[in-house]
Amino acid sequence: MRPEGADVARRIAAAGHGAARARLRLAADAPGSRVRHGDGWLAVVTGVDSNSDNGVVSEGGLRPDAAVVADLATWFRAAGVPASWLAARPDPVLTEALVAAGAVPERTGHWAGRELAGAVPDGDVGAVAEIRRVTTTAELTAWLDVAEACGWVENPDDRAAVARLSQGIGLGHPDLASWVAWAGSDPVAMATTFHASAAALELVDVAVLEAQRRRGIGRAVVAHAEAEGRRRGAGLVVTAPSPEGWELFRACGFVSVPVEPDVAFYLP
């Protein structure tokens, strides 16, 4: 990899991990979230069935007592939710304590991303779908309908938890936004964007109804999100793609970047 390519890869990996940490902190501020904190760490349970919406954010240099790590793992297990531990940087002491508590270090995953240099791409997004931000309960219901149809929400309890978290954070939040793509009066795709920092936009999720795929709707949603990022001055867009979603992002010019090992852990 050329030096400039290696630099972009490092920035994508750092931006992706930073966005994941920032979103957990944001979730901790939502009404209804259960929060614990200690010296250098913050833990949150939102009730959403996703390890990106429950977990621990810890700062660099933390040397946790193994009993604290084990207690937090038990707390998440009792809550019945998947969770992650997101460290500021690799820490052998923390890794040892987490692995002893049954956590699995992330060492093989990938981020995807690309630079947002240049002008907003040409193209009539409106010819494919009308993409609007979710600002009302009815629009959130449409977002949830697409998410559920595409497997992002798996049961009524999880759907209720996602709705509660979204409304708790606020549909008008300046940095976290949900979007629905409409074909006439029908919702056909959804997305979530997060301005994790002044420099980076995270595409948290993108989903298109199966019957509406291969019509350019997914690419239109990505282009719309990138345009929002440019308007905010972001220089990077990052996402954590599923194996199926990677094909969309690859077609949109994203590159795949390995995660930094031993900064993210899946709690048991």
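The model shown is predicted, which means the values in this text are computed figures rather than measured ones.

Novice: Which residues make up the sheet that holds strand β11 (residues 236-239), and what values go with them?
Specialist: Pairing is mixed across the open sheet formed by seven strands, whose spatial order is β7-β8-β9-β10-β11-β6-β12. At either margin of the open sheet sits one strand with a lone partner, and together these are β7 (130-133) and β12 (255-258). Neighbour-to-neighbour, the strand axes of this sheet turn through a mean angle of 30 degrees, independent of strand direction. Of the pairings in the sheet, the one linking strand β8 (residues 176-183) to strand β9 (residues 186-195) comprises eight bridges and is antiparallel in character. When the sheet's bridge partners are listed, tryptophan 182 is paired in β9 with proline 187. Those strands touched by helix α4 (residues 137-149) are β7, β8, β9 and β10 (200-208), and its axis lies near 100 degrees from that of β9.

Novice: Please provide a residue-by-residue account of the nonpolar core, values included.
Specialist: One finds Trp143 and Leu144 to be the most contacted residues of the largest nonpolar core, which totals 26 residues. For this core, the elements supplying multiple residues, two or more each, are α1 (3-28), α4, α5 (156-169), β8, β9 and β10. Mapping this core onto the domain boundaries places at least three of its residues in each of domain 1 (3-110 + 260-267) and domain 2 (114-258). Beyond its immediate stretch of four places on either side in the chain, tryptophan 143 contacts Val134, Val162, Ser178, Trp179, Val180, Met190, Ala191, Thr192 and Asp205. Formed by 24 residues, the second largest nonpolar core is a distinct cluster that contains Ala129, Ala181, Leu203 and Ala220.

Novice: Run through the packing of α4 against α5, naming residues and quoting values.
Specialist: At a minimum axis distance of 11 Å, the contact between α4 and α5 shows a crossing angle of 140 degrees. With respect to α5, the axis of α4 lies oblique. For the pair α4 and α5, the crossing hand works out as right-handed. Taking contact as the criterion, the partners of Thr137, Leu140, Thr141, Trp143, Leu144, Asp145 and Glu148 in α4 are, on α5, Arg159, Val162, Ala163, Ser166 and Gln167.

Novice: Would you mind going over the pattern of salt bridges in detail, with residue names and values included?
Specialist: A full pass over the atoms with the stated rule returns 14 salt bridges. Between glutamate 59 and arginine 21 there is a salt bridge, and its shortest N-O distance comes to 3.1 Å. In this pair, glutamate 59 sits in the loop between β3 (55-58) and α2 (66-79) while arginine 21 sits in helix α1, placing the two residues 38 residues apart along the sequence. We note a salt bridge from aspartate 71 to arginine 36, for which the minimum N-O separation is 2.6 Å. Highlighted residues: aspartate 71 in helix α2 and arginine 36 in strand β1 (residues 34-38), separated in sequence by 35 residues. You can call aspartate 71 partly exposed: its relative accessible area is 37%. Its relative accessible area of 28% is what places arginine 36 among the partly exposed residues. Bridged by salt links that share partners, the residues Asp7, Arg11 and Glu115 form one connected network.

What counts as what
- Residues numbered from 1 in each chain as written.
- Predicted model: local features only at pLDDT ≥ 70, side-chain atom pairs only at ≥ 80, totals over all residues.
- Heavy atoms only, no water.
- Pairing = 2+ DSSP bridges.
- Helix = DSSP H or I, 4+ residues; strand = E, 2+ residues; numbered from the N terminus.
- Axes fitted to C-alpha atoms, helices over the stretch in contact; angles between N-to-C directions.
- Contact = heavy atoms within 4.5 Å.
- Core = buried A, V, L, I, M, F, W, Y, C linked by side-chain atoms within 4.5 Å.
- Buried < 20%, exposed > 50% of the residue type's maximum accessible area, 1.4 Å probe, protein only.
- Domains from an automatic or database assignment.
- Parallel < 35°, antiparallel > 145°, perpendicular 65-115°, else oblique.
- Left-handed = near helix turned anticlockwise from the far one by under 90°.
- Salt bridge = Lys/Arg side-chain N within 4 Å of Asp/Glu carboxyl O.

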